[in-house]
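Survey of secondary and tertiary structure
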Amino acid sequence: MLGLGSDLLWADMNRLLRLLFHEGVLDEHFLQLHHLQDESSPNFVSEVINMYFHESEKLLNNLRSLLIHTHTHDYNKMGIHLNQLIGSSSSIGAKRLTTLCLAFRAATHHSNRPGCLRALEMLEHEYCYLKNKLHELFHIEQQRALAAAARYPLHNNNQ
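Note that the structure is predicted; figures quoted are calculated from it, not measured.

Details of the overall build of the chain
Each helix and strand counted, the chain has six helices and zero strands in total. Beginning at the N terminus, the succession of helices and strands in the chain can be written as α-α-α-α-α-α. When the 159 residues of the chain are sorted by exposure, 37% land in the buried category. About 9900 Å² of surface is accessible on the chain, with carbon and sulfur atoms providing 56% of the total.

Spelled out as C-alpha cells, the structure:
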C-alpha cells in the first residue's frame, strides 16, 4: 500500500510538470538539468535551482534599485544584470522568465523607463510564480522519495 502513495505523488509531479511545460514556464533545458541528477547527487536539481533563486533575487533587487531608487537610470547596467538573468534562467529551463528578460532588455535598449517598469513588474510576477511552482514540485518530489523509502516495521511472531 505504501507504494501506492509514492505512485500518486509521482503522478502529481508529472501533472505539475506537464502544466508548467504546457504554460511555457519551463522548456527542455529543465529536463536536461534533471538528467544530470543521479544517485550520487540526489539533490542536484534542487540545489542548482536554489542557487538560481538566490542569485536571481539579487539581480531583481539590483534592477529594481536602478529603476526606482536612482534619479539617473543606467540602462547599460540594467542590460548587464538582464544578460546574467537571461543566461541563468535559460540554463535552468525557465522559458517564460527568459522571454520576459528579453523584452525588458529591449526596453533598456530604447531607454524606455515606462516599458522597463512594466517589464520589471511582469518579471517579478513570473519569478514568484516560477519559484512557487518549483518549490511545490520539489516538495512533492521529497514526499515521493520518503513514501518510496518507507517500510513496514517487522513484527515479532514470538510475542
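Having seen the structure, we can now continue with the description.
Thoughts on the nonpolar core
Core analysis: the largest hydrophobic core is formed by 42 residues, its most contacted members being I49, F104, L123 and L134. It is helix α6 (residues 113-149) that provides the largest number of residues to this core, a total of eleven residues. The contacts of L123, once residues within four sequence positions are left out, are L60, L63, L82, L85, L97, L100, C101 and F104.

Points about the pattern of salt bridges
One pass over the full model with this rule turns up six salt bridges. In this structure, the salt-bridge partner of K131 is E57, at a minimum N-O distance of 3.1 Å. With K131 in helix α6 and E57 in helix α3 (residues 44-68), the pair connects residues that are 74 residues apart, well separated along the chain. In this structure, R64 engages E124 in a salt bridge whose closest nitrogen and oxygen atoms are separated by 2.5 Å.

So, the confidence of the model for the chain
Averaged over every residue, the pLDDT of the chain is 89; the share at 70 or more is 89%. Confidence drops under pLDDT 50 across residues 151-155; counting only partners more than four residues distant or on other chains, this segment forms three contacts.

A look at the packing of helix α2 (residues 28-35) against α3
Where α2 contacts α3, the axes come no closer than 8 Å and their chain directions differ by 130 degrees. By the angle between their directions, the pair α2 and α3 is classed as oblique. Between α2 and α3 lies a crossing whose hand is right-handed. Residue-level contacts link F30, L33 and H34 of α2 to F44, V45, V48 and I49 of α3.

Some thoughts on the side chain of S89
Relative to the assigned elements, S89 resides in helix α4 (residues 75-92). Taking relative accessible area as the criterion, S89 reaches 0% and is therefore assigned buried. Apart from residues no more than four positions distant in its own chain, S89 is found in contact with Y52, A94, L97 and T98.

Overview of the layout of surface pockets
Put simply, the largest pocket is a space of about 640 Å³. Forming the boundary of the largest pocket are 19 residues, of which H34, Q37, P42, E141 and R144 lie nearest the centre. Broken down by secondary-structure element, the contributors of at least two residues to the lining of the largest pocket are α1 (2-22), α2 and α6. A total of six residues in the lining of the largest pocket trace back to one element, the largest contributor, which is α6. Grouping the amino acids of the lining of the largest pocket by side-chain chemistry returns seven nonpolar, eight polar and four charged.

Scoring rules and cut-offs
- Residues numbered from 1 in each chain as written.
- Predicted model: local features only at pLDDT ≥ 70, side-chain atom pairs only at ≥ 80, totals over all residues.
- Heavy atoms only, no water.
- Helix = DSSP H or I, 4+ residues; strand = E, 2+ residues; numbered from the N terminus.
- Buried < 20%, exposed > 50% of the residue type's maximum accessible area, 1.4 Å probe, protein only.
- Areas by Shrake-Rupley, 256 points an atom, 1.4 Å probe, with all protein chains shown as cover.
- Core = buried A, V, L, I, M, F, W, Y, C linked by side-chain atoms within 4.5 Å.
- Contact = heavy atoms within 4.5 Å.
- Salt bridge = Lys/Arg side-chain N within 4 Å of Asp/Glu carboxyl O.
- pLDDT = per-residue confidence, 0-100.
- Axes fitted to C-alpha atoms, helices over the stretch in contact; angles between N-to-C directions.
- Parallel < 35°, antiparallel > 145°, perpendicular 65-115°, else oblique.
- Left-handed = near helix turned anticlockwise from the far one by under 90°.
- 1 Å grid on protein atoms, 1.4 Å probe; cavity = no way out; pocket = protein on both sides within 12 Å on 5 of 7 lines; lining within 4 Å.
- Points joined across faces, edges and corners; volume = space filled by probe spheres on them.
- Nonpolar A, V, L, I, M, F, W, Y, C, P; charged D, E, K, R; others polar.

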